[in-house]
Amino acid sequence: MAARAPEAKAAALSAPATPATTAGELAAAEVLRPLTYGEGPKVGILGDTGTGKTTAMVELVRLYLRMSPGMVFVVDDKELRPRFEGQERRDVADLHEHPPDPNGSRVIVLRGVPSEGIDANPEEVAALCWRRVARGRASLMVNDELVAGREKYIKNRQWRRGVVYMPRNFTKGRVVQIADIWGAQSPQDVPIEPFEQSNGILCFKLGGLGLEKLRERNYLDGGAAEVIPRLPGMDAPPNARGHFVLLRRGQPWDRRVYRFTKGGG
């Protein structure tokens, strides 16, 4: 057998090894652990398009429903077909006009009217969560995409004037059992509060400015920056995607790459 060329051998030795895959359900249990002591966790989901962010959100919602009696309100208006299962409503006004079936799913999916380009209003959804607090009821708000297409609420990494309840979810929601799951493809466009208040970020393949923003926000201790750009992305078939790392602010990476057993992008 021909000997390996010295250059190829050196390259193989210098390339960082990718850790073995760990069940994503373990990472989900870790980031939702505050539920066990009566708090509302904040969880970020970051990564390029098609890498598995929505799959991760769906799995987190399923675990939340097992761990908490709260309602889940999902802002899911990006595509013509819903990406989350639940009782669908146009917006909060429609929800008031047509109350959810008490025997149905505890997941309410706010869709807007995608076919007409009418988005749901995440600020109204956040306000609804705070009204529920007054009645002692826990809630989880899911923003499938916190930034893209949300110029009415966030611009230049700042909350727009008059946007009150979305940032309040992050700064004051934890102790009153308002949980948040937020997703973004461009971390560099996300306001500071989600980064400062999230107890964990599930990060799929990402690079460039997004990776630099994570470094700036103190999420990349321990070598995760070398692994994140090499996770499977759109260049891999859908059944080979879904790998992520768990990042926590100011804490070293746990040296694990996770993937939900369901897998996929």
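Residues numbered from 1 in each chain as written. Predicted model: local features only at pLDDT ≥ 70, side-chain atom pairs only at ≥ 80, totals over all residues. Heavy atoms only, no water.

### Re the environment of M141
Along the chain, M141 falls in strand β6 (residues 139–143). Using a relative accessible area of 1% as the deciding quantity, one classes M141 as buried. Sequence separation between M141 and A27 is 114 residues; the distance between their C-alpha atoms is 19 Å. What M141 contacts, discounting residues up to four positions off in sequence, is F73, V75, P122, V125, A126, C129, N169, A179, D180 and I181. (Helix = DSSP H or I, 4+ residues; strand = E, 2+ residues; numbered from the N terminus. Buried < 20%, exposed > 50% of the residue type's maximum accessible area, 1.4 Å probe, protein only. Contact = heavy atoms within 4.5 Å.)

### A look at the pairing of strand β2 (residues 42–46)
Counting buried residues in β2 gives five out of five residues, a clear majority hidden from the surface. Alternating positions in β2 separate into two faces, K42, G44 and L46 on one and V43 and I45 on the other, with burial throughout. With five bridges connecting them, β2 and strand β9 (residues 178–184) associate as parallel partners. By the bridge assignment, K42 is partnered in β9 with D180. (Pairing = 2+ DSSP bridges.)

### Some thoughts on unusual backbone geometry
Of note in the backbone geometry, N156 takes a positive phi value of approximately 55° without being a glycine. By the element assignment, N156 lies in the loop between β7 (154–155) and β8 (158–159). One non-glycine residue, R255, lies in positive phi territory at about 65°. Locating R255 in the fold gives a position in the loop between β11 (243–247) and β12 (257–259).

### Regarding helix α8 (residues 208–216)
By the burial criterion, the buried members of α8 are G210, L211, K213 and L214. Viewed along the axis of α8, the buried residues span an arc of 155°, placing them on a single side of the element. In α8, the exposed positions that point more than 90 degrees away from the buried face belong to G208, L209 and E216. Each element contacted by the buried residues of α8 is listed here: β2, α7 (192–197), β10 (200–203), α9 (224–227) and β11. Trailing α8 by a residue or two, N218 shows a phi angle of about 70°, which is positive. (Arc of directions from axis to C-beta.)

### Some details on the pattern of salt bridges
What the rule picks out here adds up to 13 salt bridges. For the salt bridge of D91 with R90, the shortest nitrogen-to-oxygen distance reads 3.1 Å. On the basis of relative accessible area, R90 is assigned to the partly exposed category, the value being 36%. Here E212 and R215 are joined by a salt bridge, their closest N and O atoms 3.6 Å apart. With a gap of three residues between them, E212 and R215 both fall in helix α8, about one helical turn apart. For E212, a relative accessible area of 42% translates into the label partly exposed. Given the relative accessible area of 43%, R215 is considered partly exposed. Three or more residues are tied together by salt bridges with common partners; here these are K78, E79, R83 and D144. (Salt bridge = Lys/Arg side-chain N within 4 Å of Asp/Glu carboxyl O.)

All we've got here are geometric facts, nothing functional implied.
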